[in-house]
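The primary structure of each chain is shown beneath.
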Amino acid sequence: MGNNISEQKSIAGLRANAAAFIVNLSFFMGLGLLIPIFALILEDKNNFVRAYSKQTLAITILTLVSFLLNFIIFIGNLAFFIIFILLIISLKSFLFYI
C-alpha cells in the first residue's frame, strides 16, 4: 500500500479515510461498539482503519465505564441523602418524646 491515505482502499472498496471517518462517526451515532468491532474483523490489511477502529472502541468503552461509575456515585449520594433525611426525622420525633 502506498503512503497516500486518500488513495488506499479499505472495507467494501471505500477509501481508507472514508472508512475511518465512518468508524469515528459511529461513536456519535451510538454505535460505538458495533461498527469498530466489525471494522476490526473485516479489515485485515489497512492499519490506518484498524487504528481508528481501536481508538473508537477504546473511547467508547471508557465512556461507558465513566457513565456507569457516575451512575453508581449518583445512587450512593441519593441513598445517603434519603438515609440522612430519615435519620433527622427519627431524631426529631425522638427529641419531642423526651
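Refer to the structure above for everything that follows.
The following paragraphs examine the structure supplied in this document.

What counts and how
- Residues numbered from 1 in each chain as written.
- Predicted model: local features only at pLDDT ≥ 70, side-chain atom pairs only at ≥ 80, totals over all residues.
- Heavy atoms only, no water.
- Helix = DSSP H or I, 4+ residues; strand = E, 2+ residues; numbered from the N terminus.
- Rg over C-alpha atoms; globule rule 2.2 N^0.38 Å.
- Buried < 20%, exposed > 50% of the residue type's maximum accessible area, 1.4 Å probe, protein only.
- Contact = heavy atoms within 4.5 Å.
- Expected span 1.5 Å × (residues − 1).
- Arc of directions from axis to C-beta.

## Examining the overall build of the chain
- Check the secondary structure of the chain and you find three helices and zero strands.
- The helix and strand sequence of the chain, counted from the amino end, reads α-α-α.
- Computed over C-alpha atoms, the radius of gyration of the chain comes to 25 Å, more than 25% over the 13 Å expected from 2.2 N^0.38 for 98 residues, which places it beyond the range of a compact globule.
- Viewed in the frame of its principal axes, the chain has a C-alpha envelope of about 85 × 20 × 15 Å.
- Split into buried and exposed, the 98 residues of the chain put 17% on the buried side.
- A separation of at least 24 residues holds for 54% of the contacts in the chain among residues at least 6 apart in sequence.

## Some points on helix H1 (residues 16–28)
- Relative to the 18 Å expected for 13 residues at 1.5 Å per residue, H1 spans 19 Å between its end C-alpha atoms, a close match to the ideal helical length.
- Listed in full, the buried residues belonging to H1 are Ala16, Ala19, Ala20, Val23 and Ser26. Take H1 and look down its axis: the buried residues cluster within an arc of 110°, on one side only. Turned more than 90 degrees from where H1 packs its buried face, Phe21 and Phe28 sit exposed.
- The positive-phi residue at the C-terminal boundary of H1 is Gly30, with phi of around 85°.

## Some points on the environment of Leu31
- Counting through the fold element by element, Leu31 comes out in the loop between H1 and helix H2 (34–42).
- Using a relative accessible area of 34% as the deciding quantity, one classes Leu31 as partly exposed.
- Linking Leu31 and Ala16, residues 15 residues apart in sequence, is a C-alpha distance of 19 Å.

## Quick word on the side chain of Ser53
- In this structure, Ser53 sits in helix H3 (residues 47–97).
- Accessibility expressed as a relative area gives 0% for Ser53, which makes it buried.
- The residues contacting Ser53, other than those within four sequence positions of it, are Val23, Pro36, Ala39 and Leu40.

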